[in-house]
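# Remarks on the overall topology
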Amino acid sequence: MGETIVITSGKGGTGKTTLTAGLGAALARLGQRVLCVDCDVGLRNLDLSLGMADAALMDFSDVLAGRCSLERAAAVHPKVENLFLLTAPLSLPEALAELGPFLGLLDQARQNYDTILLDSPAGLGPGFRLAAGGADRGVVVTLSDPASLRDAQRVVLQLSQLARVQLVVNRVQGKLLRRLGATIDDAMDAAGLPLLGLVPEDVEVVLSAGAGRLVATNGPRSAGAAFRNIALRLTGQETPLMKLR
């Protein structure tokens, strides 16, 4: 039986879609069968972060409406074995926006995939409610600035039904944190969550986004290496947090 994980944030621009794509690829490379679901109706871009632009011919509304099966709608990644994408529709009819049908879709997914990553839109709208309502556990993505941490706290309150919610601090600049007198412990205390992982600021993320491809793993302190470390911890393996300069 697979596990569903909502990846969310309190505000846009924290990099949760890039994290979803990176974790999906890392988990697949660890041998898991992974389905990444874009829940951002109307503003989908998980396909770009996965390097799968226009690869998905059908979206999750086609499955909900019975126009096709989940197996048919899930697009296969062209380069990473066992990695699949179920994209979001450009619009979602009110009849399909109810939580019940989406929960049924996720029940099907649990039968065929080891991990289902739900890329939630920022904020607390319909896409967030679908993703959060169908999740077994949660990952909240934040930056280290006070505004992002405050918004992360607000999202945590909306995930109280989940048994386990963890924090990923993204785009961390170690030198800047030290100069400001801030620590990751401060971030954990501010968000009120246990820490799942750190992702360093990495120019490769920007280059990959511009090229429409997955973030490459370049070096032991790269964002790609951080995604792999987080994936290992998600699967229960003890892995030290990445040390940032």
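Here is a short report on the structure shown in this document. As a convention, each chain's residues are numbered from 1 in the sequence order in which they are written. Only residues with pLDDT of 70 or above have their local features reported here, since the model is predicted, and side-chain atom pairs are shown and tallied only from 80 upward, although totals for entire chains, interfaces and linings are computed over all residues. Based on all heavy atoms of the structure, the side-chain values leave hydrogens and waters out of the count.

## Things to note about the environment of Gly13
The secondary structure listing takes helices from DSSP runs of H or I that are at least 4 residues long and strands from runs of E that are at least 2 residues long, numbered from the N terminus. Mapped onto the elements of the fold, Gly13 is located in the loop between strand 1 (3-8) and helix 1 (16-29). In this structure the C-alpha to C-alpha distance between Gly13 and Gly236, which are 223 residues apart in sequence, comes to 28 Å. Contact definition: two residues touch when any of their heavy atoms are within 4.5 Å. Apart from the residues lying within four places of it in its own chain, the contact partners of Gly13 are Leu143 and Arg171.

## Here's the deal with helix 1
Under the convention used throughout, the expected extent of a helix is 1.5 Å for every residue step, that is, one less than its residue count. The first and last C-alpha atoms of helix 1 sit 20 Å apart over 14 residues, in line with the 20 Å expected at 1.5 Å per residue. If you check which residues of helix 1 are buried, you get Lys16, Thr17, Leu19, Thr20, Ala21, Gly22, Leu23, Gly24, Ala25, Ala26, Leu27 and Ala28. Of the residues flanking the end of helix 1, it is Gly31, one or two places downstream, whose phi is positive at about 105°. For every residue, the accessible area obtained with a 1.4 Å probe (protein chains only) is divided by the maximum for its type, and the residue is called buried under 20%, exposed over 50%, and partly exposed between those limits.

## Side note on the nonpolar core
Side-chain atoms within 4.5 Å are what join buried Ala, Val, Leu, Ile, Met, Phe, Trp, Tyr and Cys residues into a set we call a nonpolar core. Counting 42 residues, the largest nonpolar core has Leu35, Val37, Phe60, Leu86 and Val140 as the members making the most contacts within it. With near-sequence residues (within four places) excluded, Val37 lies in contact with Leu46, Phe60, Leu86, Phe102, Ile116, Leu117, Leu118 and Asp119. In this structure, Ala25, Val168, Val215 and Ala226 belong to the second largest nonpolar core, which totals 33 residues.

## Some remarks on the pattern of salt bridges
One speaks of a salt bridge when a side-chain nitrogen belonging to Lys or Arg is within 4 Å of a carboxyl oxygen belonging to Asp or Glu. Applying the stated criterion across every chain yields a total of eight salt bridges. Between Asp62 and Arg67 there is a salt bridge, with the nearest N and O atoms lying 2.8 Å from each other. Glu201 serves as the salt-bridge partner of Arg171, at 3.4 Å between the closest nitrogen and oxygen. Taken as a pair, Arg171 in strand 7 (residues 165-172) and Glu201 in the loop between strand 8 (195-200) and helix 10 (203-211) lie far apart in primary sequence, 30 residues in all. A single network of salt bridges, built from pairs that share partners, joins Asp107, Arg110 and Asp136.

## Quick notes on the packing of aromatic side chains
Geometry of an aromatic ring pair is reported as the spacing of the ring centres plus the angle between the planes. Here a Phe, Tyr or Trp ring, Trp counted by its six-membered ring, pairs with any other such ring whose centre lies within 6.5 Å, and the pair is stacked when the planes are under 30 degrees apart, edge-to-face when over 60, and tilted otherwise. Per the counting criterion, the structure on display carries two aromatic pairs. Judged by centre distance (5.4 Å) and plane angle (65°), the rings of Phe60 and Phe102 are edge-to-face. Taken as a pair, Phe60 in helix 3 (residues 60-64) and Phe102 in helix 5 (residues 99-112) lie far apart in primary sequence, 42 residues in all. As far as the burial class goes, Phe60 and Phe102 line up, both buried. Judged by centre distance (5.5 Å) and plane angle (70°), the ring pair of Phe84 and Tyr113 falls under edge-to-face. In this pair, Phe84 sits in strand 4 (residues 83-86) while Tyr113 sits in the loop between helix 5 and strand 5 (115-119), placing the two residues 29 residues apart along the sequence. Tyr113 matches Phe84 in its accessibility class, with the two residues each being buried.

## Here's the deal with the side chain of Asp202
In this structure, Asp202 sits in the loop between strand 8 and helix 10. Here a polar contact is recorded for every N or O atom pair within 3.5 Å, except that within protein the pair must consist of a potential hydrogen donor and a potential acceptor, and residues adjacent in sequence are included only if both atoms are side-chain atoms. Within polar-contact distance, the side chain of Asp202 engages the backbone nitrogen of Ala223 at 2.9 Å. Sequence-distant contacts of Asp202, defined by excluding residues within four places in its chain, comprise Ser222 and Ala223.

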